Number of protein chains: 2
Amino acid sequence: MDEAAGTMDMRGAETSRSRAGQENVERILDRALEIFATFGFRGTRIDQIASAAGLSKTNLLYYFRRKEDLYLAVLQRTLDMWLEPLQSLDAGGDPERAIEAYIRQKLSASRDAPAASRLFALEVIQGAPILGPVLETQLADLVDRKATTIQSWIDAGKIVAVSPRHLIYTIWSVTQHYADFAAQIRAIEGRDLSDPVFFEDTCRTVTQLVLRGILPR
Amino acid sequence: MDEAAGTMDMRGAETSRSRAGQENVERILDRALEIFATFGFRGTRIDQIASAAGLSKTNLLYYFRRKEDLYLAVLQRTLDMWLEPLQSLDAGGDPERAIEAYIRQKLSASRDAPAASRLFALEVIQGAPILGPVLETQLADLVDRKATTIQSWIDAGKIVAVSPRHLIYTIWSVTQHYADFAAQIRAIEGRDLSDPVFFEDTCRTVTQLVLRGILPR
DNA sequence: GCCAGTCTTGATCGAACGGTCAAGGGGCGG
DNA sequence: CCGCCCCTTGACCGTTCGATCAAGACTGGC
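Residues numbered from 1 in each chain as written. Chains lettered and ligands numbered in written order. Predicted model: local features only at pLDDT ≥ 70, side-chain atom pairs only at ≥ 80, totals over all residues. Heavy atoms only, no water.

1. Some thoughts on the relation of the copies chain A and chain B
Copies of the same chain, two in number, are related to each other by a rotation about an axis and a translation along it. Take chain A, turn it by 180°, move it 0.0 Å along the axis, and it overlays chain B with an RMSD of 0.0 Å. Taken together, the rotation angle and the small translation identify this as a two-fold axis. (Least-squares fit on C-alpha atoms with pLDDT ≥ 70 in both.)

So this is what it looks like as structure tokens:
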């Protein structure tokens, strides 16, 4: 598992599957995401996922022959969803609207798919043993492109001079924080993003903070 | 280990110890922090820590009879250091200086003790099974007090109206991001906070962003 | 130089875990 | 109603892991 798995594609034995089979696979992936996201790869037991999905360990291993296969499948399924929001950060419109929309999108993801956020957090905290190559290529390129977009806003005087990459990191960290550290926020506030009031409160405050930080006065 | 361990004190058998003994304990704790911080509690093997510390598994178990004892000891040793920076956020001086100092302090911690940051991140991501009670009492109180401080700045017109707690979360998330997600940043930037230039760059940008966000124009 | 208390080691145990195997159940098309 | 293929099961295997135990080595104080 310390191996980087190279290409990160895993078209693993796409055998034909009955409806029951497909439903099982999806249920396994759902539960596996949840459990991998809280215990990490090494920390989760395969039969833990199995019983959470309502089947035996052997039965699970019928669908995913190795633990690593399951982990990769989960990671794969989450990856695209994770990279997508940044794609839509477009140079076209005005930065205010674009960034406001991006923050809302990221916060929505933190509310609706907190496990996915935590899974990536775990991966990266562990040094990104699997996702490393993807980050160095796909993500790095994407960030470079978006940094250019932000730089163009700066050059046009639409926002103040600020390191584009740090701006991206800031938005990432703040928005994901509400998913990854939900337990901490729950301990302090007694609520999390699933509370509509708290969600709007968070969205407004973060947006205001960032926009005031970069908009010319 | 799913137990909350109640009081979080662990004056475990403070037996008398020779110099060699104390050195071993410290080396064990150092290595354990590093390894727990990347693999989590369930994910780390006890002999992994032992060999990293240069002794046998049995020998390590002489100092910490159970794996959980070691984990608690590591957590305990890191906790105070982690809560401390926020303490110094004082209402006395002007908010600009106070927050600037706080951000620098947190970023310094992320640079000098990234493993400690990651360990807490892992704990919280897992739902804070151990630290939960501490967060609900100690941390919640501390945050409440500091939120009052920030509110007093708002009332005095020194900073704009902003949810004090969200402001704290923002600063936490951004500064800790550079420790917890160092692998991701390294994949994109090719460097991290240990690079003095990058450190100052980060410090300046984050400070500027936050201060512009809350200072009256 | 002896002794008590501290440290270190290797052998070993039981449980947990990832994974295999062989056998049987069940549904769907012909 | 038959046979094929997908699914499900339980028994089992080898390894790993946390933890124990008994026995010996080292060290500092007297």
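2. Here's the deal with the interface of chain A and chain B
Across the boundary between the two partners, chain A contributes 55 residues, which contact 55 residues of chain B. Here chain A packs against chain B, burying approximately 5,200 Å² in sum over the two surfaces, 62% of which is carbon and sulfur. Per-residue buried area on chain A facing chain B is highest for A:R42, A:I125 and A:R212; these three make up 16% of the total on that side. Put simply, chain A and chain B have one salt bridge between them. One salt bridge in this structure joins A:R165 and B:E189, with 4.0 Å as the shortest N-O distance. Our enumeration of links across chain A and chain B arrives at 10 residue pairs in polar contact (both at pLDDT 80 or more). For the side of chain A that touches chain B, the secondary structure elements donating two or more residues are helix 1 (19–43), helix 6 (114–125), helix 7 (132–155), helix 8 (164–180), helix 9 (182–189) and helix 10 (196–214) of chain A. (Contact = heavy atoms within 4.5 Å. Buried area = accessible area lost by both parts, 1.4 Å probe. Salt bridge = Lys/Arg side-chain N within 4 Å of Asp/Glu carboxyl O. Polar contact = N/O pair within 3.5 Å; in protein donor to acceptor, adjacent residues only side chain to side chain. Helix = DSSP H or I, 4+ residues; strand = E, 2+ residues; numbered from the N terminus.)

3. Points about the packing of aromatic side chains
Scanning the entire structure with this criterion turns up 16 aromatic pairs over all chains. A centroid spacing of 5.0 Å and a plane angle of 75° characterise the contact between A:Y62 and A:Y63, whose relative ring orientation is edge-to-face. Judged by relative accessible area, which is 60%, A:Y62 ranks as exposed. Note on A:Y63: relative accessible area 15%, which makes it buried. Where A:Y178 meets B:Y169, the ring centres are 6.1 Å apart and the plane angle is 85°; that geometry is what we call edge-to-face. (Phe/Tyr/Trp six-rings, centres within 6.5 Å; stacked < 30°, edge-to-face > 60°. Buried < 20%, exposed > 50% of the residue type's maximum accessible area, 1.4 Å probe, protein only.)

4. Some points on the domain arrangement of chain A
Residues and elements named next belong to chain A. We note that the domain assignment places domain 1 (1–65) and domain 2 (72–214) within chain A. Placing a centre on the C-alpha atoms of domain 1 and another on those of domain 2 gives a separation of 27 Å. Where domain 1 abuts domain 2, roughly 1,600 Å² becomes buried across the two surfaces, and 72% of that area is made up of carbon and sulfur atoms. Where domain 1 packs against domain 2, one counts two salt bridges. A salt bridge links E34 to R118; the nearest nitrogen and oxygen atoms lie 3.8 Å apart. At the junction of domain 1 and domain 2, the tally comes to one residue pair in polar contact (both at pLDDT 80 or more). Per-class residue counts for the side of domain 1 that touches domain 2 are 12 nonpolar, three polar and four charged. (Domains from an automatic or database assignment. Nonpolar A, V, L, I, M, F, W, Y, C, P; charged D, E, K, R; others polar.)

5. Re unusual backbone geometry
Residue and element names in this part refer to chain A. In this model, A128 sits at a positive phi of 55°, which is unusual for a non-glycine residue. Note that A128 resides in the loop between helix 6 and helix 7. A128 sits in the buried class, given a relative accessible area of 6%.

6. Regarding helix 8 (residues 164–180) of chain B
If you check helix 8 of chain B, its first and last C-alpha atoms are 24 Å apart, about what 17 residues at 1.5 Å a residue would give, namely 24 Å. Taken across its 17 residues, helix 8 of chain B has 16 buried, putting it largely inside the fold. (Expected span 1.5 Å × (residues − 1).)

7. Concerning empty space enclosed by the protein
Evaluation of the coordinates by the stated rule reveals six cavities of 30 Å³ or more. Each pocket or cavity is described by its volume, and for the largest cavity that value is around 190 Å³. Taken together, 17 residues form the lining of the largest cavity, with A:W82, A:L83, A:L139, A:W172 and B:Q184 sitting closest to its centre. Residue assignment for the lining of the largest cavity shows that the elements contributing at least two residues are helix 4 (67–87), helix 5 (95–112), helix 6, helix 7 and helix 8 of chain A. With five residues, helix 4 of chain A is the single largest residue contributor to the lining of the largest cavity. Split into classes, the residues belonging to the lining of the largest cavity amount to 14 nonpolar, two polar and one charged. Estimated volume of the second largest cavity: approximately 140 Å³. (1 Å grid on protein atoms, 1.4 Å probe; cavity = no way out; pocket = protein on both sides within 12 Å on 5 of 7 lines; lining within 4 Å. Points joined across faces, edges and corners; volume = space filled by probe spheres on them.)

8. A short note on the pattern of salt bridges
Residues and elements named next belong to chain A. Enumeration over the complete set of coordinates arrives at 21 salt bridges over all chains. Linking R191 and E189 is a salt bridge whose minimum nitrogen-to-oxygen distance equals 3.6 Å. The partly exposed category is assigned to R191, whose relative accessible area is 28%. The class of E189 is buried, set by a relative accessible area of 19%.

9. Notes on helix 1 (residues 19–43) of chain B
For helix 1 of chain B, with 25 residues, the first-to-last C-alpha span of 31 Å runs short of the 36 Å given by 1.5 Å per residue. Roughly 85° is the biggest bend found in helix 1 of chain B, and it falls at B:A37. (Bend = angle between axes of the 7 residues up to and from the residue.)

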